[in-house]
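# Architecture at a glance
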Amino acid sequence: MKWNLRMVAAQRDLWRPTELLEAFKTVGFTPSLSKVAAMWSGTPVTVRLDDLDKICAVLNCTVGDLLQAEPLEAAAGETEALPKAVGAEGSGGGPVRPTPRQQGSRRSLPPN
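Let us look at the structure shown here. (Residues numbered from 1 in each chain as written. Predicted model: local features only at pLDDT ≥ 70, side-chain atom pairs only at ≥ 80, totals over all residues. Heavy atoms only, no water.)

### Remarks on the overall build of the protein
Our working definition: Secondary structure counts use DSSP, requiring at least four H or I residues in a row for a helix and at least two E residues in a row for a strand, with both numbered from the N terminus. Relative accessible area decides the class of each residue, using a 1.4 Å probe on protein chains only: under 20% of the type maximum gives buried, over 50% gives exposed, and in between gives partly exposed. Should any heavy atoms of two residues lie within 4.5 Å, those residues are considered in contact. In these tables, accessible area is a Shrake-Rupley quantity obtained with a 1.4 Å probe, and a residue counts as shielded only by the protein chains included in the view.
Scanning the protein from terminus to terminus reveals five helices and two strands. Moving toward the C terminus, one meets the helices and strands of the protein in the order β-α-α-α-α-α-β. Among the 112 residues that make up the protein, the fraction classed as buried is 21%. Considering only contacts in the protein between residues 6 or more positions apart, those separated by 24 or more positions represent 64%. Carbon and sulfur atoms make up 54% of the accessible area of the protein, which totals about 9,300 Å².

### Remarks on the pattern of salt bridges
Heads up, the condition is: The working definition used for a salt bridge is a side-chain nitrogen of Lys or Arg within 4 Å of a carboxyl oxygen of Asp or Glu.
Evaluation of the coordinates by the stated rule reveals three salt bridges. Across the salt bridge formed by Glu 22 and Lys 25, the nearest N and O atoms sit 3.6 Å from each other. With a gap of three residues between them, Glu 22 and Lys 25 both fall in helix H2 (residues 17–25), about one helical turn apart. For the salt bridge of Lys 35 with Asp 51, the shortest nitrogen-to-oxygen distance reads 3.5 Å. Remark: Asp 51 occurs in helix H4 (residues 49–59) and Lys 35 occurs in helix H3 (residues 33–41); sequence separation between them is 16 residues. Lys 35 gets classed as partly exposed once you look at its relative accessible area, which sits at 37%. We classify Asp 51 as buried; its relative accessible area is 9%.

### Thoughts on unusual backbone geometry
Phi angles above zero are rare outside glycine, and Asp 13 is one such case at about 65°. Structurally, Asp 13 is set in the loop between helix H1 (5–11) and H2. The phi dihedral of Asn 60 is positive, around 55°, even though this residue is not glycine. Position of Asn 60 relative to the elements: it lies in the loop between H4 and helix H5 (63–66).

Structural data, given as structure tokens:
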């Protein structure tokens, strides 16, 4: 997903996170300045739906304006070789079974 908050805010003549914070207060959305600055400068990992609704109300936009879907690289035809486990290069692909130890007893002795 591509986060377009700065572009949508710029179209509404909001150029700084502090201006956006003041606009948020008009709809009762009061995040901290650091949270607004984080949303402004990068793509947030999560956004609550009610917060997203308030952001859209302030900017007079839709969720589709703020979030634009981008195709995944693997889905676009680029197939990436999956990493193999250590020692898997020569395996036949069948299930790996543990082999018992051949020497000594099965249990170790406690320290003296």
